[in-house]
Amino acid sequence: MKQSLWVLVLMLMSAQLQAGQVVVRKSSEPFDAFAVRDKVQQDFAWRESLRMQQQIKILQSLPLGCVMFKLPYAYYRCGANFYRPYQYRDEGTAPMQLYIQVDPPVAQ
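First, a word on what this report is: a plain description of the structure on this page.

Here the focus is the pairing of strand S3 (residues 75-78). As judged from the 3 bridges shared by strand S2 (residues 67-69) and S3, these two strands associate in the antiparallel manner. Pairing of Met68 across the sheet is with Tyr76, part of S3. Counting the residues between successive antiparallel strands, the hairpin from S2 to S3 contains 5 residues. Bridge count for S3 against strand S4 (residues 81-88) is 3 bridges, and the pairing is antiparallel. Following the sheet pairing, Tyr76 is matched in S4 by Tyr83. In this antiparallel pair of consecutive strands, S3 and S4, the connection spans 2 residues, and Gly79 shows a positive phi of 70 degrees.

Laid out in structure tokens, this is it:
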């Protein structure tokens, strides 16, 4: 009986440790819950854009053997990869053709 009581106490304590972050504020401090929610959403969107940006593959020239398709938009198929052409212009330089890897196009 004593042993099961200790197990129960230890389980309750471990459950409290996994509860997450708790912030305590004075009632006199101004607090805007909607601003906090918006900030959390902005942080999440920023992390998602960084994650997606890390997955973007940009080429300055296509490998040999790529085939161009015109529909549903202009893109190149190079083996199992698909690339879409973009004109990139840096200040003071001539425009440059870049190719950004895209998902396989879906015919409409």
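The next subject is the state of the cysteines. Following the criterion strictly, the structure yields 1 disulfide and no others. Note on cysteine connectivity: Cys66 is disulfide-linked to Cys78, with sulfurs 1.9 Å apart. Measuring handedness by torsion sign, the sulfur bridge of Cys66 and Cys78 sits at about 120 degrees and is right-handed. Residue Cys66 is found in the loop between strand S1 (58-59) and S2, and its partner Cys78 is found in strand S3; the two are separated by 12 residues along the sequence. We classify Cys66 as partly exposed; its relative accessible area is 23%. Overall, the relative accessible area of 11% leaves Cys78 in the buried class.

Pairing between side chains becomes possible if they bear opposite charge and their charged atoms approach one another. Enumeration according to the criterion identifies 2 salt bridges in this entry. Across the salt bridge formed by Arg37 and Asp38, the nearest N and O atoms sit 3.1 Å from each other. Overall, Arg37 belongs to the partly exposed group, its relative accessible area being 42%. Note on Asp38: relative accessible area 35%, which makes it partly exposed. We note a salt bridge from Asp43 to Lys39, for which the minimum N-O separation is 3.2 Å. Of this pair, Asp43 and Lys39 are both found in helix H2 (residues 33-55), 4 residues apart, which corresponds to roughly one turn of the helix. When its relative accessible area of 46% is taken as the criterion, Lys39 is described as partly exposed.

Here we come to the packing of aromatic side chains. Within this structure, the stated rule accounts for 4 aromatic pairs. Seen from their ring centres, Phe69 and Tyr75 are 5.3 Å apart, and the 15 degrees between their planes marks the pair as stacked. Assessed through its relative accessible area of 32%, Phe69 is described here as partly exposed. The rings of Phe69, Tyr73, Tyr75 and Phe82 are connected pair by pair, giving a single aromatic cluster. For the cation-ring pair, Arg84 lies above Tyr73, with the distance from its terminal atom to the ring centre recorded as 4.0 Å.

About the cut-offs
Residues numbered from 1 in each chain as written. Predicted model: local features only at pLDDT ≥ 70, side-chain atom pairs only at ≥ 80, totals over all residues. Heavy atoms only, no water. Pairing = 2+ DSSP bridges. Helix = DSSP H or I, 4+ residues; strand = E, 2+ residues; numbered from the N terminus. Disulfide = S-S within 2.5 Å. Buried < 20%, exposed > 50% of the residue type's maximum accessible area, 1.4 Å probe, protein only. Salt bridge = Lys/Arg side-chain N within 4 Å of Asp/Glu carboxyl O. Phe/Tyr/Trp six-rings, centres within 6.5 Å; stacked < 30°, edge-to-face > 60°. Lys NZ or Arg CZ within 6 Å of the ring centre and 35° of its normal.

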